[in-house]
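Geometric and topological summary
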Amino acid sequence: MQMCMTTKRTLLAAAISTTMLSGCYWKDPKLAAAYVSSEIEREDVVEHLVELEARASKTTDGHSTTRAAGTDGYQYSVDYIIDVMKEHGYKVTTQAFDFRAWEELAGTTLNVNGVDLISTREAGEGVEPDYAVMSYSGDSNGPLNGEVVFITPDFNFSSPNYDDTDGCEATDFDGKAVTGKVAVIQRGGCPFSDKVVNAQNAGAKAVIVFNQGNDPGRTDVVNGTLGSDTAAVIPAFGARYALGKSWFDLSETQSVPVALNVDVKDEMVVTQNVIAETKRGNPNQVVMLGAHLDSVPEGPGINDNGSGTAGLLEYAITLADTRAPVKNKVRFAWWAAEEAGLVGSEYYTKELFAPIYDQAQQEIMDELGIEDPSQLTEEQIELVDARYSKLNKVKLYLNFDMIGSPNYIFGVMDGDLSDTKDSPDNAYTGDFKPPYGTSDIEATFNEFFTAKSSATVPQALSKRSDYAGFADWGIAFGGLFTGAEKVKTAEEVEQFGGEIDVAYDKCYHQACDDLNNVSQEALYVNTQALAYVTTYYAFSKPLFPPKEVPDAKPMTRMHSVEQPTQKLRIGEKLKAADSHSDHGHFHGDFDQDRQ
């Protein structure tokens, strides 16, 4: 007993070393976490990436390989996860659902005013692309020609009356000769789909959305998605800001012709989430972690998101091999169709949590003698929320999406909003707060990195990855991220090494996102981190410190829980951040960057 207490007092610095003695580590959550984390092997994590790349299937045009949902490559990836998890004693299930699979085929061209433009698919290293086809764009059905028509763009960014809602309302098209033309619309203010559908209804034969230009993050190609539920059937492209502005200036004195061609594959298929869980642990206290398994159609997705997939898989193997006697059940998820807009994780959370909330509401109504939910007062809805939280067995969710970027940072979700509250990438605007426990998860991740003497970069809670559905249903969440298309700063180079003014991931959403596009060091450390944090909660009772009460003495790892004046109800979808997020995965409520 004295040996365990002495080890505990050394906390993480000594615990993360491999000098654990005689099983004492199972008696304390931090020591258990440190022991399992220390058992992660770098080469074994990388080997999963090798396996995933080998399972990618040829794209339709034959120019690359892919593991996009609905492809053979995705199904082979599913089979690999299932085989490994079953081999290591986990209970494995799949959750099938219908999915609208979309793919841009070969032969896309876009010419404006006689200039052939370069697509993101064609641009080689060092070549600036001009445009991208928006996912879920319609087909041109052969070559298509038309003249440009602009829809009220606003370039006066410094004006207090600046209007960023170009094309968001059907009335924006009134009085404009749109029929039979190509509508060119400035980004901002609403989903891309709204702009395209409004233009379509006004008679446009195609749409080009050019970037907004109001800050450095809104100048490059708009690589967007209309979302799998869009009503758009006409071709839709995203373009650089500078091109859009130059076309507008030209259109003031002359007509601007457009010639385009785009061929797409758009069909309904069945795809699957993979869910696995430990056989041990309290089934009423589920600690859950997940990563999306699919790639974009353009490439094999080895960093995005083979890295998160591999981290989860190797942690599961290590947890099984150490025979860790977890106190809480651990549940793993590999999500399908994240790249199409968080489809798999949103399906899972709605299917699981909505019936629990309905049960909680009915129980409270029965106890109060109320028949109609509309009769519930604010105080009674609070009772429903509390009952739901008690009935819900999933107590937290950890998300791992891109954890091996080649020019990486160690990004940790800012669960207490202490560093990113004012960030344009923060979805928790006003005094909305994340679910209780989210800040504790951030603190636990940071404990790991502090013990490693490593810096971290707080990440805004943009709700643009698979934790979004869990957040909406009141589940505490956290996770890691090593960066996507934004460039690394001088300060970050000092902290993590790497190349200044170069993207964290130069192959983001491209065919070159293969085995050569991963930092093995970042992948290894982040896999250790996810192992540490998940194991810590798998052994913790209670999971989180109790909420602070007025005049209570502050406690370690405890954060303020002032009641917000704006109450985000469980099951109410909070809009994703309306800015150009660093991490564009999402099917959000604002304009949607395609990841």
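Presented here is an overview of the structure given in this document.

What counts as what
- Residues numbered from 1 in each chain as written.
- Predicted model: local features only at pLDDT ≥ 70, side-chain atom pairs only at ≥ 80, totals over all residues.
- Heavy atoms only, no water.
- Buried < 20%, exposed > 50% of the residue type's maximum accessible area, 1.4 Å probe, protein only.
- Helix = DSSP H or I, 4+ residues; strand = E, 2+ residues; numbered from the N terminus.
- Pairing = 2+ DSSP bridges.
- Contact = heavy atoms within 4.5 Å.
- Axes fitted to C-alpha atoms, helices over the stretch in contact; angles between N-to-C directions.
- Patch = residues over 30% accessible without salt bridge, like charges linked within 9 Å, V, L, I, M, F, W, Y side chains within 5 Å.
- Areas by Shrake-Rupley, 256 points an atom, 1.4 Å probe, with all protein chains shown as cover.
- Salt bridge = Lys/Arg side-chain N within 4 Å of Asp/Glu carboxyl O.
- Lys, Arg positive; Asp, Glu negative; His and termini not counted.
- Charge placed at Lys NZ, Arg CZ, Asp CG, Glu CD.
- Disulfide = S-S within 2.5 Å.
- Core = buried A, V, L, I, M, F, W, Y, C linked by side-chain atoms within 4.5 Å.
- Expected span 1.5 Å × (residues − 1).
- Phe/Tyr/Trp six-rings, centres within 6.5 Å; stacked < 30°, edge-to-face > 60°.

**A closer look at the pairing of strand 18 (residues 476-481)**
In terms of burial, strand 18 is largely enclosed, as six of its six residues are buried. Neither face of strand 18 is exposed, since Ala476, Gly478 and Leu480 on one face and Phe477, Gly479 and Phe481 on the opposite face are all buried.

**Some details on the sheet that holds strand 7 (residues 144-150)**
In a beta sheet, neighbouring strands pair by backbone hydrogen bonds and run either parallel or antiparallel. The strand order 5-4-11-7-8-9-10-6 describes an open sheet built from eight strands, whose pairing is mixed. With partners counted over all chains shown, the strands left at the sheet margins are strand 5 (115-116) and strand 6 (131-133), one partner each. Relative to strand 9 (residues 206-210), strand 8 (residues 182-186) is paired through five bridges, and the arrangement is parallel. Within strand 9, the position partnered with valine 182 by the bridge is alanine 206. Strands strand 8, strand 9 and strand 10 (236-239) of the sheet are contacted by helix 6 (residues 192-201), whose axis makes an angle of about 150° with strand 8.

**Quick look at a negative patch on the surface**
Together, Glu39, Glu41, Glu43, Asp44 and Glu47 make up a region of like negative charge exposed at the surface. With respect to the helices and strands, the residue glutamate 43 is situated in helix 4 (residues 42-55).

**A closer look at the environment of alanine 202**
Looking at the element boundaries, alanine 202 is found in the loop between helix 6 and strand 9. For alanine 202, a relative accessible area of 24% puts it in the partly exposed group. When near neighbours in sequence (up to four residues on either side) are disregarded, alanine 202 contacts Phe173, Val178 and Thr179.

**Observations concerning the state of the cysteines**
This model, assessed by the stated rule, comprises two disulfides. There is a disulfide in this structure between cysteine 168 and cysteine 190, and the S-S distance comes to 2.1 Å. The S-S bond linking cysteine 168 to cysteine 190 shows a torsion near -95°; that makes this disulfide left-handed. Taken together, the positions of cysteine 168 in the loop between strand 7 and strand 8 and cysteine 190 in the loop between strand 8 and helix 6 put the pair 22 residues apart, joining distant regions of the chain. Here cysteine 168 and cysteine 190 have matching classes, each one buried.

**Re the nonpolar core**
Met85, Phe332 and Trp334 are the most contacted members of the largest nonpolar core, which totals 127 residues. When residues in this core are grouped by element, the largest group, eleven residues, is from helix 14 (residues 520-538). Discounting residues that sit within four places of it in the chain, tryptophan 334 has contacts with Tyr74, Ile81, Met85, Asn273, Val274, Ala276, Ala291, Leu293, Thr309, Leu312 and Leu313. With 35 residues, the next largest nonpolar core counts Tyr357, Val384, Leu461 and Leu568 among its residues.

**Observations regarding the pairing of strand 15 (residues 394-400)**
Of all seven residues that make up strand 15, seven are buried, and the element is covered over most of its length. Bridge count for strand 13 (residues 282-292) against strand 15 is five bridges, and the pairing is parallel. Looking at strand 15, one finds that leucine 289 is bridged to leucine 398. Pairing between strand 15 and strand 18: five bridges, direction parallel. Counted as the bridge partner of leucine 398 is glycine 478 from strand 18.

**With respect to helix 14**
The terminal C-alpha atoms of helix 14, which comprises 19 residues, lie 26 Å apart, in line with the 27 Å expected from a rise of 1.5 Å per residue. Judged by how many residues are buried, helix 14 sits mostly within the fold: 16 of 19 residues are covered.

**Regarding the environment of arginine 240**
Considering the arrangement of structural elements, one finds arginine 240 in the loop between strand 10 and helix 7 (241-251). Judged by its relative accessible area of 13%, arginine 240 is buried. Sequence separation between arginine 240 and valine 209 is 31 residues, and the spatial gap between their C-alpha atoms is 8.7 Å. Ignoring anything within four residues of it in the chain, the contact list for arginine 240 reads Glu128, Pro129, Asp130, Phe210, Asn211, Thr219, Asp220 and Val221.

**Structural notes on the sheet that holds strand 18**
Spatial ordering of the open sheet is given by 3-12-14-13-15-18-16-17, a layout of eight strands whose pairing is mixed. The open sheet has two free edges, formed respectively by strand 3 (91-104) and strand 17 (457-459), since each of these has just one partner strand. When the angles between neighbouring strand axes are averaged without regard to direction, this sheet yields 20°. Bridge count between strand 13 and strand 14 (residues 328-335): eight bridges; the pairing is parallel. Directly across from valine 286, in strand 14, lies its bridge partner lysine 329. The strands touched by helix 14 within the sheet are strand 13, strand 14, strand 15 and strand 18, with strand 13 carrying the most contacts at an inclination of about 165°.

**Details of the packing of aromatic side chains**
Following the criterion strictly, the structure yields 36 aromatic pairs and no others. Their ring planes at 70° and their centres at 6.2 Å tell us that phenylalanine 400 and phenylalanine 445 sit as a pair that is edge-to-face. A residue pair is termed long-range when its members are at least 10 positions apart, and phenylalanine 400 in strand 15 and phenylalanine 445 in helix 11 (residues 438-451) qualify at 45 residues. Among the residues examined, phenylalanine 400 registers a relative accessible area of 0% and is labelled buried. Taken together, a centroid distance of 5.1 Å and an interplanar angle of 40° make the contact between tyrosine 408 and phenylalanine 410 tilted.

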